[in-house]
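# What the coordinates show
Residue strings, one per chain:
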Amino acid sequence: MNLTGMLPDGWRAELEPLLDADATAALGAFVAEQYRDHTVYPPIEDLFAAYRLCPPEQTRVLILGQDPYHGPGQAHGLSFSVRAGVRIPPSLRNVFAELADDLGIAPATTGDLTGWASQGVLLLNAVLTVRGGAAASHAGKGWEAFTDATIRALNARPERVVFLLWGGYARKKAALVTNPAHVVLEAGHPSPLNPRGFRGARPFSAANQALAEAGRPVVDWDPRVIAPEPAG
């Protein structure tokens with residue numbers, strides 16, 4: 001499986017110089033074997049949905065998750081997001097509750113965050129695949145280098161990107177953001193198992209303030225707002 005070949009052209013041009021070809025080939029072989037022999041999420045056609053919906057030059061915000069949901073019908077290539085009609089997971093319910101407190105946006109009845117992605121919010125998981133029913137089963141197989149390269153590519157861009165890093169795992173990635181043009185906003189993970197550190201962080205208004213200060217368009221954080229999908 002040629003992973004970089006599956007990427008949209010813009011992302012492929014950005015990431016290939018930052019990736020070790022042999023390691024990426026080994027990751028592709030592993031991922032191909034897993035899809036062939038096991039139930040793997042997200043569906044292969046959604047593997048790079050975050051990249052397809054959010055080209056590098058349009059990326060304004062990055063929200064980093066850890067790995068995809070591992071239940072049937074949940075993961076569709078966007079961190080924290082689930083398909084319409086799927087029960088909203090507890091962490092995403094907390095995200096919506098914070099959004100209501102922060103910007104007064106009533107919680108959506110669907111957990112599909114395609115509307116955010118279509119506006120330049122890169123909903124990236126550090127690990128892009130998972131075996132069904134086995135959380136973190138594809139951690140340590142090479143995806144981390146791939147997604148770290150994505151963060152480095154955004155770090156190299158001159159236009160401001162706001163990095164929303166929620167939880168201990170995501171916050172470790174702050175070290176990859178060295179360009180003073182960008183802004184890192186850290187908070188606790190929105191999981192209900194983490195009662196402190198996320199609620200009250202007001203990440204959505206803070207992200208928009210940072211974008212506005214740099215002259216970039218702000219995000220309409222109502223997930224029901226869908227921008228046209230990028231061409232190409």
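Residues numbered from 1 in each chain as written. Predicted model: local features only at pLDDT ≥ 70, side-chain atom pairs only at ≥ 80, totals over all residues. Heavy atoms only, no water.

## Some points on the packing of aromatic side chains
According to the stated counting rule, one finds twelve aromatic pairs in the structure shown. Judged by centre distance (5.2 Å) and plane angle (90°), the ring pair of Trp11 and Tyr51 falls under edge-to-face. Of the two residues, Trp11 is situated in helix α2 (residues 9–15) and Tyr51 in helix α4 (residues 49–53); the sequence distance between them amounts to 40 residues. Its relative accessible area of 0% is what places Trp11 among the buried residues. For the pair Trp166 and Phe204, a centre-to-centre distance of 6.2 Å together with 80° between the ring planes defines the contact as edge-to-face. Residue Trp166 is located in strand β5 (residues 162–166), and its partner Phe204 is located in helix α9 (residues 203–213); the two are separated by 38 residues in the primary sequence. Grouping aromatic residues by their ring pairs yields a cluster made of Phe80, Trp116, Trp166, Phe198, Phe204 and Trp221. (Phe/Tyr/Trp six-rings, centres within 6.5 Å; stacked < 30°, edge-to-face > 60°. Helix = DSSP H or I, 4+ residues; strand = E, 2+ residues; numbered from the N terminus. Buried < 20%, exposed > 50% of the residue type's maximum accessible area, 1.4 Å probe, protein only.)

## Quick look at the UniProt feature "active site" (unreviewed entry) in the chain
Under the UniProt annotation, "active site" (unreviewed entry) lies at Asp67. The residue Asp67 is located in the loop between β2 (61–65) and α5 (90–103) in this model. Here the side chain of Asp67 touches Ala136 through a polar contact of 2.7 Å, landing on its backbone nitrogen. (UniProt positions renumbered as here; feature names shortened; annotations may be inferred. Polar contact = N/O pair within 3.5 Å; in protein donor to acceptor, adjacent residues only side chain to side chain.)

## Re a nonpolar patch on the surface
Taken together, the side chains of Met1, Met6 and Ile44 define a hydrophobic patch exposed on the protein surface, amounting to about 220 Å² of accessible area. Structurally, Met6 can be placed in helix α1 (residues 3–6). By relative accessible area, Met6 is classed as partly exposed at 34%. (Patch = residues over 30% accessible without salt bridge, like charges linked within 9 Å, V, L, I, M, F, W, Y side chains within 5 Å. Areas by Shrake-Rupley, 256 points an atom, 1.4 Å probe, with all protein chains shown as cover. Salt bridge = Lys/Arg side-chain N within 4 Å of Asp/Glu carboxyl O.)

## Some details on the sheet that holds strand β6 (residues 183–187)
One open sheet holds the four strands; their spatial order is β3-β2-β5-β6, and the pairing between them is parallel. What marks the edges here is a single partner per strand, and that holds for β3 (121–125) and β6. The sheet shows a mean angle of 20° between the axes of neighbouring strands, taken without regard to direction. In terms of strand pairing, β2 meets β5 through four bridges, oriented parallel. Bridging from a neighbouring strand, Val61 pairs with Val162 of β5. Each of β2, β5 and β6 touches α9; the most contacted strand, β5, lies at about 160° to it. (Pairing = 2+ DSSP bridges. Axes fitted to C-alpha atoms, helices over the stretch in contact; angles between N-to-C directions. Contact = heavy atoms within 4.5 Å.)

## Structural notes on helix α7 (residues 143–155)
Counted at 1.5 Å a residue, the expected span for α7 with its 13 residues is 18 Å, and the 18 Å between its end C-alpha atoms agrees. Of all 13 residues that make up α7, eleven are buried, and the element is covered over most of its length. Within the span of α7, buried status applies to Trp143, Glu144, Phe146, Thr147, Asp148, Ala149, Thr150, Ile151, Ala153, Leu154 and Asn155. (Expected span 1.5 Å × (residues − 1).)

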